[in-house]
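# Working through the structure, step by step
What follows is the residue order along each chain.
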Amino acid sequence: MSDGMRYMARLMVSVFRVSTPPRPPRRAQLLLALIAICVVTYGYGPAVAEAEPNVATEYSAQMLRARLVSMERALGNVESAYAREVAPIERVLTRYRSDNPRLVRRVSVSLVREAKRTKVDPSILVGVLLVENPMLDPHARSFMGATGLMQVMPLHRGNWKPCGTRLDDVESNICTGSRILADALKNENGNVTRALLRYNGCRTGSNTPNCHAYPQYVMARARHVRF
């Protein structure tokens, strides 16, 4: 994926601003952003500037029309992906933080992105997050020092290359927590129950009182996500 396309994707995500989280992003906002990308990212270049004025104008118009058609198609894909992957998670998380729809959307998009990167079921990531931090407080800290949305221990800070080091940051925390769980699944040969116990520091079932029930709590919340 080119840098231009990455920028386009980030820009489209950044305009996801609606009053009711479960609704898809407003099409007019996205279309406006896409037009801006056409104008800023795809300059006409020296060849057009040196052409005859009428030829240059017609060429410019044709290129802009073609790119707008392409962007419209991309917009349709974004809306479809939102409805299919992000909206189901938003509906669940909104029950816990209906007062902050922007945070809910930001968390939902991050969960979907990291689920794709790590190949971990997104509903399980949702379940872990809701057990660890049902208030969706990015700055939450346990008495043991676990921090953020997925209650990541400080010893994991900076151990995962793609992730940032700020555990109170939404994206960095979810990135790190997702990779810890993915690593646990790998070490446990895909066994979800044992991987969740490992994530919770309860591999033997004796780390904290009743910690052996942790996988049950996670899966109960994961089942609320219906794609």
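For clarity, every value in this text was computed on a predicted model and none was experimentally measured.

Moving on to the overall build of the chain. Within the chain, the secondary structure is distributed over nine helices and zero strands. Taking all 227 residues of the chain together, the buried fraction comes to 41%. In the chain, the proportion of contacts linking residues at least 24 apart, taken out of those at least 6 apart, comes to 51%. As presented, the chain carries roughly 12,600 Å² of accessible surface, and 55% of it is formed by carbon and sulfur atoms.

Moving on: helix α7 (residues 170-187). Its 18 residues place the ends of α7 26 Å apart at the C-alpha level, agreeing with the 26 Å of an ideal helix rising 1.5 Å per residue. With respect to burial, α7 is a largely interior element, 14 of its 18 residues being buried. Two to three positions downstream of the cap, the backbone nitrogen of E171 sits 3.3 Å from a side-chain oxygen, assigning the N-cap of α7 to D169. Once α7 finishes, N189 follows within two positions and takes phi at roughly 55°, a positive value.

Tracing the chain through its elements places V107 in helix α5 (residues 101-118). When the C-alpha positions of V107 and V170 are compared, they lie 6.6 Å apart, and in sequence the two are 63 residues distant. Ignoring sequence-local partners within four residues, the contact set of V107 consists of L93, L129, L149, V170 and I174.

This part takes up the packing of helix α8 (residues 192-199) against helix α9 (residues 214-222). As a packed pair, α8 and α9 sit with axes 9 Å apart at the nearest point and diverge in direction by 110°. Considering their axes alone, α8 and α9 lie roughly perpendicular with respect to each other. Viewed along their axes, α8 and α9 form a crossing whose handedness is right-handed. For the pair α8 and α9, the contacting residues are V192, T193, L196, L197 and Y199 in the first and Y214, P215, V218 and M219 in the second. In terms of residue class, the contact of α8 with α9 is built from eight nonpolar, one polar and no charged.

Looking at where A182 falls in the secondary structure, it is placed in helix α7. Each C-alpha atom, one on A182 and one on L196, is 10.0 Å from the other, the two residues being 14 residues apart in sequence. Here A182 is in contact with T118 and V120, once residues within four sequence places are set aside.

This part is about the nonpolar core. Formed by 38 residues in total, the largest nonpolar core has its most connected members in L93, V107, L111, V128, L129, M150 and L181. Counting residues per element, the ones that place at least two in this core are α4 (53-94), α5, α6 (122-132), α7, α8 and α9. Dropping the residues within four chain positions of it, V128 is found in contact with M150, L181, L196, Y199, Y214 and V218.

Taken together, the buried positions of α8 are A195, L196, L197 and Y199. Next to the buried residues of α8 lie α6, α7 and α9. At the N-terminal end of α8, a side-chain oxygen is found 3.2 Å from the backbone nitrogen of T193, two or three residues along, and the residue is N191. Positive backbone phi, at 70°, marks G201, one or two positions downstream of α8.

On to unusual backbone geometry, then. Even without being glycine, K119 reaches a positive phi, approximately 65°. Here K119 is to be found in the loop between α5 and α6. Judged by relative accessible area, K119 falls into the exposed class, the value being 74%. Positive phi, close to 50°, is recorded for Q151, a residue that is not glycine. Relative to the helices and strands, Q151 is located in the loop between α6 and α7. Classification of Q151 by relative accessible area gives buried; the value is 13%.

Reading the values: rules and limits
- Residues numbered from 1 in each chain as written.
- Predicted model: local features only at pLDDT ≥ 70, side-chain atom pairs only at ≥ 80, totals over all residues.
- Heavy atoms only, no water.
- Helix = DSSP H or I, 4+ residues; strand = E, 2+ residues; numbered from the N terminus.
- Buried < 20%, exposed > 50% of the residue type's maximum accessible area, 1.4 Å probe, protein only.
- Contact = heavy atoms within 4.5 Å.
- Areas by Shrake-Rupley, 256 points an atom, 1.4 Å probe, with all protein chains shown as cover.
- Expected span 1.5 Å × (residues − 1).
- Polar contact = N/O pair within 3.5 Å; in protein donor to acceptor, adjacent residues only side chain to side chain.
- Axes fitted to C-alpha atoms, helices over the stretch in contact; angles between N-to-C directions.
- Parallel < 35°, antiparallel > 145°, perpendicular 65-115°, else oblique.
- Left-handed = near helix turned anticlockwise from the far one by under 90°.
- Nonpolar A, V, L, I, M, F, W, Y, C, P; charged D, E, K, R; others polar.
- Core = buried A, V, L, I, M, F, W, Y, C linked by side-chain atoms within 4.5 Å.

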